[in-house]
Amino acid sequence: MAFITFSLDEFRLPLFEVTDQRYRALGAWLITDISVYQSVCLDALAMVDDVSHGRPLEDEWDSDKYEVRFTAGGVEFRNEWVPGEGGRYSLDEVREAVEAYWRFLVSRPENPDLIREYRPDLPGWQAELVQWEERWGRPHPYRGRLF
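About the cut-offs
- Residues numbered from 1 in each chain as written.
- Predicted model: local features only at pLDDT ≥ 70, side-chain atom pairs only at ≥ 80, totals over all residues.
- Heavy atoms only, no water.
- Pairing = 2+ DSSP bridges.
- Helix = DSSP H or I, 4+ residues; strand = E, 2+ residues; numbered from the N terminus.
- Axes fitted to C-alpha atoms, helices over the stretch in contact; angles between N-to-C directions.
- Contact = heavy atoms within 4.5 Å.
- Polar contact = N/O pair within 3.5 Å; in protein donor to acceptor, adjacent residues only side chain to side chain.
- Expected span 1.5 Å × (residues − 1).
- Buried < 20%, exposed > 50% of the residue type's maximum accessible area, 1.4 Å probe, protein only.

Engineer: For this particular structure, what's the right way to read the sheet that holds strand β3 (residues 66-71)?
Structural biologist: Whether parallel or antiparallel, the strands of a sheet pair through hydrogen bonds between backbone atoms. The strand order across the open sheet built from 3 strands is β3-β4-β5, with neighbouring strands paired in antiparallel fashion. Each edge of the open sheet is held by one strand with a lone partner, namely β3 and β5 (86-89). Neighbour-to-neighbour, the strand axes of the sheet open up by a mean angle of 5°, direction not taken into account. Where β3 lies against strand β4 (residues 74-79), 6 bridges are found, and the strand directions are antiparallel. Pairing of F70 across the sheet is with V75, part of β4. Packed on one face of the sheet, helix α1 (residues 24-34) meets β3, β4 and β5 and runs near 110° to β3.

Engineer: Honestly, the environment of R12 in this entry has me stumped. Any pointers?
Structural biologist: Position of R12 relative to the elements: it lies in the loop between β1 (4-8) and β2 (14-18). A sequence separation of 24 residues divides R12 from V36, and the C-alpha atoms of the two residues are 9.5 Å apart. Those residues in contact with R12, other than ones at most four positions away along the chain, are R108 and P109. Among the polar contacts made by the side chain of R12, one reaches the main-chain carbonyl oxygen of P109 at a distance of 3.3 Å.

Engineer: What should I look at first to understand helix α3 (residues 91-107) in this one?
Structural biologist: Three or four residues apart is the spacing at which side chains of an α-helix point the same way, because the helix has 3.6 residues per turn. With 17 residues, α3 should reach 24 Å at 1.5 Å per residue; the first-to-last C-alpha distance of 24 Å fits that figure. Of all the residues in α3, the buried ones are L91, E93, V94, A97, V98, E99, A100, Y101, W102, F104 and L105.

Engineer: For this particular structure, what's the right way to read the side chain of N79?
Structural biologist: Looking at where N79 falls in the secondary structure, it is placed in strand β4. Take N79: its relative accessible area is 8%, and that puts it in the buried class. Among the polar contacts made by the side chain of N79, one reaches the main-chain amide nitrogen of W81 at a distance of 2.7 Å.

Here it is as structure tokens:
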């Protein structure tokens, strides 16, 4: 059973609900730091997968809101703007939450008025995936599993 679910508010921005308040900070990190950006969610998925498989991270998490550390022991983060908001979660917990968030982001209808310059022939999430792979010079570790 999922411990976190996502929905949209009246402005089409993400909301979350958790079954246990211990995961509230994790949900807040997802909807504020990753926000609606599929490319950032792809980064989070890759980082979780890399540390889970003992691969070194190519870069640190970059954020203007959170200090985040991905290690084999889990993910630790602290909101730099909201005192006391942060947490430490196992890789399995973060993996489950980020995978659920990816599914949520991909399920959002695309804006028909938005004109994408990069790969308009593909659905938005596929264009983001191709662009992610070009930027990092490798197949995304979730290719063939989640997408």
